[in-house]
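Examination of the molecular architecture
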Amino acid sequence: MRYVKTHVSLGGRPTGEPFSAPVYTFEGSGGGRSVYLQGNLHGPEVFGTALLTALVQEFEKWDQVPGTVTIVPCANPLGVQETAYNTHLGRWNSKTGLNWNGIFTAPTRWSSREEERAYYAQRLISARSIEERLEAELRSLSSQADVCIDIHTNCRESIEHVMTLDTMSTHFESLGAPVHLVQTDEKLGNSFEESHYHFTPEVLPEDRPWACTWEVSSDGLMFDIDVRNRLVKLLNWFAYVWQFDSHISAFKPEVYWCGEHLYATDSGYLAWTKRAGEYVCAGDVYAKLYHPNSVQVEELKAEHGLTLIALGGVVAVTKGDRIAWIGYNP
Ligand SMILES: [Zn+2]
């Protein structure tokens with residue numbers, strides 16, 4: 001199947017060469033839901049770019065798609081180029097310190113999708129900073145779609161998880177992630193996913209776009225077997241979205257209402273006693289802190305039952321450092 005290739009323009013280098021990100025659009029012909037997918041909004045989280053490149057290849061083999069699909073494999077060509085000492089940086093804009101997934105700052109609640117589109121059309125005109133430009137370009141594309149997925153990776157070791165609204169969780173079960181972190185739309189942050197929930201209460205859930213963040217793997221090394229595995233899951237999800245008979249019944253995830261960080265309780269060298277994905281009972285030890293100054297080893301114990309979703313990559317820590325991302329229900 002043929003596609004249209006365009007580019008999101010994001011300014012350029014001081015020397016004048018332009019920065020842009022390719023956008024692939026497969027025009028739907030069957031009245032099915034339209035879908036927007038992006039990856040690599042955070043510079044180090046490169047998995048989404050490989051996965052969405054594989055998806056473009058896959059759709060090239062199809063005769064048609066039922067609904068229009070817009071794919072931005074690398075949503076942040078600025079962030080992905082920031083590397084140092086054998087690792088990717090670029091989770092924040094190094095010039096401004098802003099989190100690239102904290103720039104979607106809609107100050108209003110729209111009463112329709114037309115209002116949402118008009119808002120971002122205006123943002124395209126008024127954008128001044130590079131962050132405003134990126135927000136306006138990506139959201140102008142996604143505001144055309146019925147369903148949006150923002151593909152990320154998380155920490156040095158993590159399990160796949162989906163973050164979405166409680167009312168939309170079932171629509172993403174077919175991605176096969178073992179954990180969903182859900183929230184209501186009463187208190188929204190400034191992530192790409194959350195910017196899709198900015199509607200007045202009168203707009204019924206079925207009239208809002210479905211949106212989620214899919215934390216698809218861990219940061220760092222990428223293995224092709226994992227890319228192919230997530231492609232299978234993504235195609236299974238498309239079968240749900242477009243109601244194909246071949247849709248495999250959805251995997252039922254653990255659903256958690258609370259997602260938050262664990263913090264180091266002291267300084268030291270962190271050694272985990274549990275892996276990502278393990279459930280930790282209240283009072284159980286999940287890690288140890290080795291103190292070179294006092295020659296003590298401190299056990300870190302869970303204050304309540306929790307699932308370790310993602311373990312951070314920095315192991316020499318000081319008190320208050322974020323060391324992990326967890327899920328639980330109060
Ligand atoms: Zn991310």
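As the structure is a computational prediction, the values presented were derived from the model and not from experiment. (Residues numbered from 1 in each chain as written. Predicted model: local features only at pLDDT ≥ 70, side-chain atom pairs only at ≥ 80, totals over all residues.)

1. So, the sheet that holds strand 16 (residues 285-291)
Strand order across the open sheet formed by four strands is 17-16-14-19, with antiparallel pairing between neighbours. On the outer flanks of this sheet lie strand 17 (296-301) and strand 19 (316-317), each paired with one strand and no other. In this structure, strand 14 (residues 268-272) lies alongside strand 16, joined through four bridges in antiparallel fashion. Across the sheet, residue Ala271 finds its bridge partner in strand 16, namely Lys288. (Pairing = 2+ DSSP bridges. Helix = DSSP H or I, 4+ residues; strand = E, 2+ residues; numbered from the N terminus.)

2. Quick look at the pairing of strand 18 (residues 306-311)
Burial runs high along strand 18: six of the six residues are buried. As defined by bridge partners, strand 8 (residues 157-158) adjoins strand 18 across two bridges and the pair is classed as antiparallel. Within strand 18, the position partnered with Ser158 by the bridge is Ala310. Where strand 15 (residues 279-280) lies against strand 18, two bridges are found, and the strand directions are antiparallel. Counted as the bridge partner of Tyr279 is Thr307 from strand 18. Judged from the four bridges that link them, strand 18 and strand 20 (residues 322-328) form a sheet pairing that is antiparallel. Counted as the bridge partner of Thr307 is Gly327 from strand 20. (Buried ≥ 20, exposed ≤ 12 C-beta atoms within 10 Å, placed from the backbone.)

3. Observations regarding the domain arrangement of the chain
Structurally, the chain comprises domain 1 (4-255) and domain 2 (258-328). Its C-alpha centre places domain 1 at a distance of 30 Å from the equivalent point of domain 2. (Domains from an automatic or database assignment.)

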